[in-house]
Amino acid sequence: MPGQGQMKVNVKLFAAMRDATGADRVTVEAGTVGELAEKLGGRWPAAKPLIDRSRFAVNQAFASHETVLREEDEVAVIPPVSGG
Amino acid sequence: MNDRIEVSSEPLPEHVDVSATTAGGVAVFLGCTRGETHPDGRQLVALDYEAYEEMALKQMHDLAAAARSKWPIERLAILHRVGRVGLGDPSVLIAVSTPHRSEAFEACRWLIDTLKKDVAIWKKEVWDDGGTSWVDPGEPGS
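Let me sum up the structure you'll find in this document. (Residues numbered from 1 in each chain as written. Chains lettered and ligands numbered in written order. Predicted model: local features only at pLDDT ≥ 70, side-chain atom pairs only at ≥ 80, totals over all residues. Heavy atoms only, no water.)

Once that is clear, we can look at the packing of aromatic side chains. Tallying each qualifying case throughout the model produces three aromatic pairs over all chains. Between A:Phe14 and B:Trp122, the aromatic rings sit 5.3 Å apart at their centres with planes inclined by 15 degrees, giving stacked as the arrangement. Of this pair, A:Phe14 sits in the loop between β1 (7-13) and α1 (15-21) while B:Trp122 is found in strand β7 (residues 121-127), placing the two residues in two different chains. Take A:Phe14: its relative accessible area is 11%, and that puts it in the buried class. Among the residues examined, B:Trp122 registers a relative accessible area of 2% and is labelled buried. Consider the rings of B:Trp71 and B:Trp110, whose centres lie 5.9 Å apart with planes at 55 degrees: the pair is tilted. One end of the pair, B:Trp71, is in the loop between α1 (53-70) and β4 (75-81); the other, B:Trp110, is in helix α2 (residues 101-118), with 39 residues separating them in the sequence. Judged by relative accessible area, B:Trp110 falls into the partly exposed class, the value being 22%. Taken together, the aromatic side chains of A:Phe14, B:Tyr52 and B:Trp122 make up a single cluster linked through ring pairs. We note A:Arg55 situated over the ring of A:Phe62; from NZ or CZ to the ring centre the distance is 4.2 Å. (Phe/Tyr/Trp six-rings, centres within 6.5 Å; stacked < 30°, edge-to-face > 60°. Helix = DSSP H or I, 4+ residues; strand = E, 2+ residues; numbered from the N terminus. Buried < 20%, exposed > 50% of the residue type's maximum accessible area, 1.4 Å probe, protein only. Lys NZ or Arg CZ within 6 Å of the ring centre and 35° of its normal.)

This paragraph deals with helix α2 (residues 33-43) of chain A. Helical geometry note: an α-helix holds 3.6 residues per turn, so side chains three or four residues apart project in the same direction. All names here are of chain A. Those residues of α2 that fall on the buried side of the exposure criterion are Val 33, Gly 34, Leu 36, Ala 37, Leu 40 and Gly 41. Looking straight down α2, one finds that the buried residues subtend no more than 160 degrees of arc, so they occupy a single side. Exposed and facing more than 90 degrees away from the buried side of α2 are Glu 38 and Gly 42. The inward-facing, buried residues of α2 contact β1, β2 (25-30), α3 (48-53), β3 (55-58), β4 (61-63) and β5 (75-78). (Arc of directions from axis to C-beta. Contact = heavy atoms within 4.5 Å.)

Residue and element names in this part refer to chain B. α2 packs onto α1 with a crossing angle of 145 degrees between their chain directions and a minimal axis gap of 11 Å. Note on packing geometry: the crossing formed by α1 with α2 is right-handed. Here Gln 59, Met 60, Leu 63, Ala 64, Ala 66, Ala 67 and Lys 70 of α1 lie close against α2, whose contacting residues are Trp 110, Leu 111, Thr 114, Leu 115 and Asp 118. Of the residues that constitute the contact of α1 with α2, the class distribution is eight nonpolar, two polar and two charged. (Axes fitted to C-alpha atoms, helices over the stretch in contact; angles between N-to-C directions. Left-handed = near helix turned anticlockwise from the far one by under 90°. Nonpolar A, V, L, I, M, F, W, Y, C, P; charged D, E, K, R; others polar.)

With that out of the way, let us pick up the pattern of salt bridges. One side chain can pair with another of opposite charge once the charged atoms of both are near each other. Counted by the stated rule, this structure contains 14 salt bridges over all chains. For B:Asp40, the salt bridge is made with B:Arg42, and the minimal N-O distance between the two is 3.1 Å. What makes B:Asp40 partly exposed here is its relative accessible area of 49%. It is possible to trace a salt-bridge network through shared partners that takes in A:Arg55, B:Lys117 and B:Asp118. (Salt bridge = Lys/Arg side-chain N within 4 Å of Asp/Glu carboxyl O.)

For the rest of this paragraph, the subject is the sheet that holds strand β8 (residues 132-134) of chain B. Two pairing modes exist for strands in a sheet, parallel and antiparallel, and in both the strands are linked by backbone hydrogen bonds. Residues and elements named next belong to chain B. If you walk across this open sheet you meet the four strands as β5-β3-β7-β8, and the pairing is antiparallel. On the outer flanks of this sheet lie β5 (83-86) and β8, each paired with one strand and no other. Each adjacent strand pair in this sheet contributes to an overall mean axis angle of 30 degrees, direction not counted. In this structure, strand β3 (residues 44-51) lies alongside β5, joined through four bridges in antiparallel fashion. Among the inter-strand pairings, Tyr 49 is bridged to a residue of β5, identified as Gly 83. (Pairing = 2+ DSSP bridges.)

Looking now at the sheet that holds β2(A). All names here are of chain A. Spatially, five strands are ordered β2-β1-β5-β3-β4 in an open sheet, and the strand pairing comes out mixed. The sheet is open, and its two edges are formed by β2 and β4, each paired on a single side. In this sheet, neighbouring strand axes are inclined to one another by 40 degrees on average, regardless of whether the strands run parallel or antiparallel. Where β1 meets β5, three bridges bridge the pair, whose relative direction is parallel. Paired with Lys 12 across the two strands is Ala 76, which belongs to β5.

This part is about the nonpolar core. B:Ile78, B:Ile94 and B:Leu115 are the most contacted members of the largest nonpolar core, which totals 30 residues. Considering every element that reaches this core, the biggest residue donor is α2(B), with six residues. Within the second largest apolar cluster, 22 residues are counted, among which are A:Val9, A:Leu13, A:Val28 and A:Trp44. (Core = buried A, V, L, I, M, F, W, Y, C linked by side-chain atoms within 4.5 Å.)

Next comes the structure, spelled out in structure tokens:
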């Protein structure tokens, strides 16, 4: 359903994802997490392999690609973590 | 129940007290920066840690709650540092006290393993030529 339920969401970018895009936050129009991933990959083709291996967080919890986004959501790309 | 859970740019404390009169075992794990030689001969000088702090703290609180549901934990601490951590210095500290030692070892092991898998923290290697590289656990050798 392109064009339907598209929200402008603010997306936080960390670590390798921030370096790959040169930004620590971007605004993307997307209805779901999956759409968001696709749009980010379209905007930064070089970061696509990293995006494909990243998880996504909505309101500071991991979210599936099917998760529907609302404008006030806090969304973040979580590249493979390496804490500890 | 007074868990101590922190993400901070300050050096980790030398000692974290999780003792309790009902705890016969205390397990403490420290994860430290280990010196490495890159395949091209460069030497590692430090690790730079970054966190999505709000999420990482929430996840660490969730880990503490999950550990409490699995083991009879008296007190626990999960501390993670951000910023530059030099060779030999600790970046993460986990301390758990339980009635008996086996539970303390198990809980401590589970907490560090799960933290490394899920918590929104990243580290970047800093090499002696000034070069840096994000650690990617999906890549061999990392």
